[in-house]
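# Notes for the structure review
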Amino acid sequence: MAGRSVPARPVIRLRNVVKRYGSGDATVYALRGPDGPDGQPLGVSLDIAEGDFVAVMGSSGSGKSTLMNILGCLDVPTSGRYLLDGTDVGHLDEGQLSLVRNRRIGFVFQSFNLVPRTTALAQVELPLAYAGVRKAERRSRALAALERVGLADRAGHKPNELSGGQQQRVAVARALVTAPAMLLADEPTGNLDSRSTEEVLGIIEGLNRSGRTVVLITHEDEVAARAGRVIRLVDGAVVSDVRQHEEVTV
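What you see as residue numbers is a count from 1 along each chain, following the sequence as written. For this predicted model, a pLDDT threshold of at least 70 governs which residues receive local features, and a threshold of 80 or more governs which side-chain atom pairs are given and counted, while totals over whole chains, interfaces and linings are taken from all residues. Derived side-chain values reflect all non-hydrogen atoms in the structure, with water molecules and hydrogen atoms excluded from consideration.

Moving on, we get to the packing of aromatic side chains. For this analysis, a ring pair means two rings from Phe, Tyr or Trp (six-membered ring only for Trp) whose centres lie within 6.5 Å, classed as stacked if their planes differ by under 30 degrees, edge-to-face if by over 60, and tilted for the remaining angles. Evaluation of the coordinates by the stated rule reveals one aromatic pair. Lying over the aromatic face of Tyr29, Arg32 brings its terminal NZ or CZ to 4.7 Å of the ring centre. Only lysine NZ and arginine CZ atoms are considered, and such an atom sits over a ring when it is within 6 Å of the ring centre and within 35 degrees of the ring normal.

Right, here's the structure in full:
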């Protein structure tokens, strides 16, 4: 008889997360979740398991950017709890949050965020340098990350010597070199042509197949279709959460 499968552990766990700005009549909720019986927001609650590939969608003002900033430890909730890889980030000071961002989250942004006049290899080494990794190990790990995204032969090239798709692949290598708990990609194909989009999404899919947890922020249906799960936000609340073709009750 086959053994029972063990559920994947949650890398992300949000519980009743609310983000508001202002007070009184000037209060604006960026994340609120559904309303409770008293009319007050209950907050957003969701789990993202190890190995998930999740696309977060929503129009401007839906709360997806706020959610991304909270997931990336770039902002903190007004109320509620956020556990990343078992750590309650609400109890961390700014120095500790910086360490979490460097070691547990790999960021990929629409604008690449590469350092001008710096080689691809040096770009990928940066997070390891911040983490205090020795030079020889930095070099070895950075080269391995560039190899993984198919750019080992471009290690000595600077951003102005690379195409947009190649620059984004360098950014992906930089994001994964620390072996983070989560890859957080914010509109990673927004500045790319269709061929480069395919290349970058193929790499992200490959990383997910190898066990990496991926959260991808996008407004494009064709990009979200590549994910295993799609979460949609409207006015700061999750309105649908779909895994493959089966809707999850929210």
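We are not done yet, so read on.
Right, let's get into the pattern of salt bridges. Here, a salt bridge means any side-chain nitrogen of Lys or Arg that lies within 4 Å of a carboxyl oxygen of Asp or Glu. Using the criterion set out here, one finds 20 salt bridges in the structure. Linking Glu125 and Arg139 is a salt bridge whose minimum nitrogen-to-oxygen distance equals 3.4 Å. One end of the pair, Glu125, is in helix 3 (residues 120-130); the other, Arg139, is in helix 4 (residues 135-148), and 14 residues separate them in sequence. Put simply, Asp221 and Arg232 hold a salt bridge, and the shortest N to O gap is 3.4 Å. With Asp221 in helix 7 (residues 221-224) and Arg232 in strand 10 (residues 229-234), this pair connects stretches of sequence that are eleven residues apart. Throughout this description, buried means an accessible area under 20% of the type-specific maximum (1.4 Å probe, protein chains only), exposed means over 50%, and partly exposed covers the range between. Judged by relative accessible area, which is 36%, Arg232 ranks as partly exposed. Bridged by salt links that share partners, the residues Asp52, Arg229, Asp241 and Arg243 form one connected network. Going along the chain from the N terminus, every DSSP run of H or I of four or more residues is numbered as a helix, and every run of E of two or more is numbered as a strand.

Glancing now at unusual backbone geometry. Excluding glycine, residues mostly have negative phi values, and the peptide bonds linking residues are mostly trans. One non-glycine residue, Asn16, adopts positive backbone phi at about 55°. Tracing the sequence through the fold places Asn16 in strand 1 (residues 10-21). Although it is not a glycine, Asp235 adopts a positive phi angle of roughly 50°. Mapped onto the secondary structure, Asp235 falls in the loop between strand 10 and strand 11 (237-243).

Relative to the assigned elements, Arg174 resides in helix 5 (residues 164-176). Counted as positive: Lys and Arg. Counted as negative: Asp and Glu. His and the chain ends are not counted at all. Asp186 provides the closest opposite charge to the buried, salt-bridge-free Arg174, at an N-O distance of 12 Å. We define a polar contact as two N or O atoms separated by no more than 3.5 Å, with the added condition that, inside protein, one atom must be a possible hydrogen donor and the other a possible acceptor, whereas residues neighbouring each other in sequence contribute only through side-chain atom pairs. A polar side-chain atom of Arg174 sits 2.8 Å from the main-chain carbonyl oxygen of Asn113. With residues up to four places along the chain from it excluded, the contact list for Arg174 reads Phe112, Asn113, Leu114, Gln123, Val124 and Pro127. By definition, residues are in contact when any of their heavy atoms lie within 4.5 Å.

Keep in mind that these numbers describe shape and distance, not what the molecule does.
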